[in-house]
Amino acid sequence: MQLVSSLLLSCTLLTYTQVLSKIDLEPIPIIINKHALNVTLNWLCNVVNYQDVHKRIIVLAFDNVTYVTLKRSFPSLHVLHWDLPVLYDRFSAGDYRYQLIQVFRANLCAYLAAKRRDFWIAQPDTYWRENLFEVIDPSKFLKNDENLLFDQEGTNGLLADMIAGGCFFVRGNEKIMSNWRWHTSDKKFVPTFLQFDGGYSSESKFQQMQRLGAAFVNPETIGENRQANCTSISEIPGDAIPL
């Protein structure tokens, strides 16, 4: 069994490396299972018309439902099936599956860094009002020996000094972008990159996105053996949530 697992790991890494070699821009690795599929499809529809974003994405799907759905919905997307039964089930912050996904992501980052590839980490629970790669140019912040460019919890007070962790770039300055975690309130300002977070499940995040206007995927087209369809708001994502 250990030999089989090692062979599967080697084959998956080989395939990942082959896909990586086809991407000239900084890649965006995404790791998900079926329980985050609704939010991920919504985000993919959010950025589908932003230049070159889909070309950067490499998805590692931990179950067959996720893999098949993404390939059917976005045939040109780089999607790999890395079968991990321990990550089939739903997980929440603090449980062992959540910790495992964090370790997995950290190891993936180390792997990419060892390949000497600059890369972005982005989370699909974030609404992009603009194309990240037209807003942020990491080369402008590589003045010294910095290696990491982190997002912030906010722009005022203590939040301005806190890392959100939903989006970061390897090889950069540490404080240049605002990626606010969104909580329903009377806020009038909508940041450029708005992360729906705070311990919510993917279902409640997705419902919040839909309710506030960031509804980029038709929910009736989400499901096993279905092809997800983007809504018309995907053509003008910056206007999804009124300022």
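Note that residues are indexed from 1 along each chain, following the sequence as it is written. Local features in this predicted model are restricted to residues of pLDDT 70 or higher, and side-chain atom pairs are both shown and tallied only at a pLDDT of 80 or more, whereas totals for entire chains, interfaces and linings draw on every residue. Side-chain numbers here rest on the full set of heavy atoms in the structure, without hydrogens or water.

### Overview of the pairing of strand E7 (residues 163–170)
Under the scheme applied here, a residue whose accessible area is under 20% of the maximum for its type counts as buried, over 50% as exposed, and between as partly exposed, the area being computed with a 1.4 Å probe on protein chains only. To qualify as a helix, a DSSP run of H or I must reach at least 4 residues; to qualify as a strand, a run of E must reach at least 2; elements of each kind are numbered from the N terminus. In terms of residue burial, E7 counts as a mostly covered element, since seven of its eight residues are buried. Two strands are said to pair when DSSP picks up at least two bridges between them. One ladder, built from two bridges, connects strand E4 (residues 120–121) with E7; its direction is antiparallel. Within E7, the position partnered with isoleucine 121 by the bridge is phenylalanine 168. As judged from the four bridges shared by strand E6 (residues 148–152) and E7, these two strands associate in the antiparallel manner. Bridging from a neighbouring strand, phenylalanine 150 pairs with phenylalanine 168 of E7.

### Things to note about a nonpolar patch on the surface
The patches reported here contain residues having more than 30% relative accessible area and no salt bridge. Joining distances are 9 Å for like charges and 5 Å for nonpolar side chains (Val, Leu, Ile, Met, Phe, Trp, Tyr). Computed by Shrake-Rupley with a 1.4 Å probe, the accessible areas treat only the displayed protein chains as cover when residues are assessed. Salt bridges are defined as contacts in which a side-chain nitrogen from Lys or Arg sits within 4 Å of a carboxyl oxygen from Asp or Glu. Taken together, Val86, Tyr96 and Leu100 make up a surface patch of nonpolar side chains, about 250 Å² in accessible area. Residue position: valine 86 is located in the loop between strand E3 (78–81) and helix H5 (96–114). For valine 86, a relative accessible area of 35% corresponds to the partly exposed category.

### Digging into the sheet that holds strand E2 (residues 57–61)
Strand order across the open sheet formed by three strands is E1-E2-E3, with parallel pairing between neighbours. Only two strands of the sheet have a single partner each, and these edge strands are strand E1 (28–32) and E3. Adjacent strand axes in the sheet meet at a mean angle of 20°, parallel and antiparallel pairs treated alike. Alignment of E2 against E3, held across four bridges, turns out to be parallel. The residue of E3 that forms the bridge with valine 59 is valine 79. What makes two residues a contact is simply this: any of their non-hydrogen atoms within 4.5 Å. Axis definition: a line fitted to C-alpha atoms, over the contacting stretch in the case of helices. Angles run 0 to 180 degrees between N-to-C directions. Together, E1, E2 and E3 form the strand contacts of helix H4 (residues 64–73), whose direction differs from that of E3 by roughly 160°. The strands touched by H5 within the sheet are E1 and E2, with E1 carrying the most contacts at an inclination of about 155°.

Functional significance is not addressed by these values, which are geometric in nature.
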